[in-house]
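Report on the structure
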Amino acid sequence: MAIIPKLALIPSGYKAGKLYSVLPTNGDGDFTTTRNTVATRVNENGLIEEVASNVPRLDYSDGGCPSLLLEPFARNYIINSQALSLTPTKNGTFVDNFAISPDGTLNATKLTATDTDPFFYQSVSFATASYTASIYVKGIGSSIGKDFRIVIGSNSTTPKLTIPSEWTRFEYTATMSSGSTNVGLEIADPAVIGDEVLVWGFQLEQNSYATSYIKTVGTTQSRSADTANGAGNASVINSSQGVLYFEASATQSGTVQLYGNASARIWVELNDLDTKLYINNGAGAVVLASSTVASGFDSYRKIAISYKENIFKIFVNGTGLTVTPTQDTFVDSTLNEVTFSFGSHFYGNTKQIQYFDSALNDSDLEKLTSYTSFTAMANALN
């Protein structure tokens, strides 16, 4: 297999509002990106940093090469995410700006137990929904290896968590009813007077999982949703046959699409336990195939969809399914865009995207979705 893709995205070059694809070189494959607020990412040095509005986030959380990070709207209801001395406490004392935090600056807070059951908290007004609290924790001395709990109202982590020797982000999700109650951390349970723990980046959001850190200083703050779309055109994308390949991990159900309009598109939906292939060429949306992926949202999937002469295929991590739909193929120039941001938006991390303007055989599709790394794939495909 030595077929060169017409469109290739390896997240690297960017500016505000634009994520550059490697191919085509004339810019027809570049993505337009939006996000109306600042947001954070993990940079190449492993530090959390803020990026400006509309700047795409190339995130290095997984180590190695970066991925494109796309996230939904979120609000941090903790009003002082770093200056935790401003947070009410019981049986403990605070020292702000005591140690280097995960953002590489001297702004982590030290908590010291003055009695058993030290606890710090904030009162939050809840709607009836799922909420996730998250915080970075690092132990000092005798506190390392002891237990602690994240508490949301009457709910707390079970089993208890273990205080680590290095900065680690912990999260806990609970379903809450409407009303006000406390959210916080019970440190070094059971505590000994003098136990010390470093904390940073306290966050509470109305979501079923923790998203990237949102800094607050005295008031709640929001992060707008990311969008990425507009890659390709009718001269890049072949409506009668082709292959869309991408490597991604999702944080919730969402779709990656070959798009022309609302009734002319092919899309892949990443769910917790499966990956579904859909088509709509004007006769209504039809699910063509469902490939089971047992690893869940937090694992990367290598996915290829191939279409030609009413034969559609989906390969996920080397395993493929072939289907013959009742709908006809697409009219010439109907499909003209690769997008993350139509209908059910895709949120998660994307390592790469490739589009080929002709269908590939099963052997090539299997190879394409089976490589252990981008380097191995690039070398093998010449």
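Here the structure is a predicted model, which is why all the values come from computation and not from measurement. Each residue is numbered by its place in its chain's sequence as written, counting from 1. Under the rules for a predicted model, residues below a pLDDT of 70 receive no local features and side-chain atom pairs below 80 are neither given nor counted, while totals for whole chains, interfaces and linings still include all residues. Excluding hydrogens and water, the side-chain figures rest on all heavy atoms present in the structure.

**Some words on the overall build of the protein chain**
On a plain count of helices and strands, the protein chain comes out with two helices and 32 strands. As a reference, a globule follows 2.2 Å times the number of residues to the power 0.38, and the radius of gyration itself is taken over C-alpha atoms. Relative to a compact globule of 382 residues, whose C-alpha radius of gyration would be 21 Å, the protein chain shows 23 Å and is just as compact. The principal-axis extents of the C-alpha atoms in the protein chain amount to approximately 75 × 40 × 35 Å. For the protein chain, the proportion of its 382 residues judged to be buried stands at 52%. Summarising the internal contacts of the protein chain: among those between residues at least 6 apart in sequence, 68% fall at separations of at least 24. Total accessible area on the protein chain stands at roughly 15,400 Å², and carbon and sulfur atoms take up 50% of it. For the purpose of counting charges, residues Lys and Arg are taken to be positive, whereas Asp and Glu are taken to be negative. His and the chain ends are not included. Here the site of a charge means atom NZ of a Lys, CZ of an Arg, CG of an Asp or CD of a Glu. Positive and negative charge centroids in the protein chain, built from 24 and 34 side chains respectively, lie 2 Å apart. Per the convention used, a helix needs a DSSP run of H or I reaching at least four residues, while a strand needs a run of E reaching at least two, with both numbered from the N terminus. Relative accessibility under 20% of the residue-type maximum defines a buried residue, over 50% an exposed one, and the middle range a partly exposed one, all with a 1.4 Å probe and only protein chains included. Contact criterion: two residues are considered in contact whenever any of their non-hydrogen atoms come within 4.5 Å of each other. Each accessible area value is a Shrake-Rupley result obtained with a 1.4 Å probe; residue values ignore everything except the protein chains displayed when judging cover.

**A short note on the sheet that holds strand E4 (residues 31-34)**
The strand order across the open sheet built from four strands is E2-E3-E4-E22, with neighbouring strands paired in antiparallel fashion. The strands lining the two open edges of the sheet, one partner per strand, are strand E2 (14-15) and strand E22 (227-229). Any two strands with at least two DSSP-identified bridges between them are counted as paired. With two bridges connecting them, strand E3 (residues 18-19) and E4 associate as antiparallel partners. Its bridge partner being in E4, Leu19 is matched across the sheet by Phe31.

**A word on the sheet that holds strand E26 (residues 274-280)**
Ordered in space as E27-E26-E25-E24-E31, the five strands form an open sheet in which the pairing is antiparallel. Each of the sheet's edge strands pairs with one partner strand only, and the pair in question is strand E27 (286-292) and strand E31 (337-339). Strand-to-strand twist of the sheet, defined as the mean angle between neighbouring strand axes without regard to direction, takes the value 15°. Both strand E24 (residues 254-261) and E31 contribute to a ladder of three bridges, which runs antiparallel. Paired with Leu258 across the two strands is Val338, which belongs to E31. Axis definition: a line fitted to C-alpha atoms, over the contacting stretch in the case of helices. Angles run 0 to 180 degrees between N-to-C directions.

**Let's talk about unusual backbone geometry**
Here the amide bond leading from Leu23 into Pro24 is cis, since omega sits at -5°, within 30 degrees of zero. By secondary structure assignment, the location of Pro24 is in the loop between E3 and E4. The residue after Thr158, namely Pro159, is reached through a cis peptide bond having omega 0°. Relative to the assigned elements, Pro159 resides in the loop between strand E16 (155-156) and strand E17 (161-162). Positioned with a positive phi, Glu309 is a non-glycine residue whose angle comes to about 45°. By the element assignment, Glu309 lies in the loop between strand E28 (301-308) and strand E29 (311-316).

Limitation: the analysis is restricted to geometry and does not speak to function.
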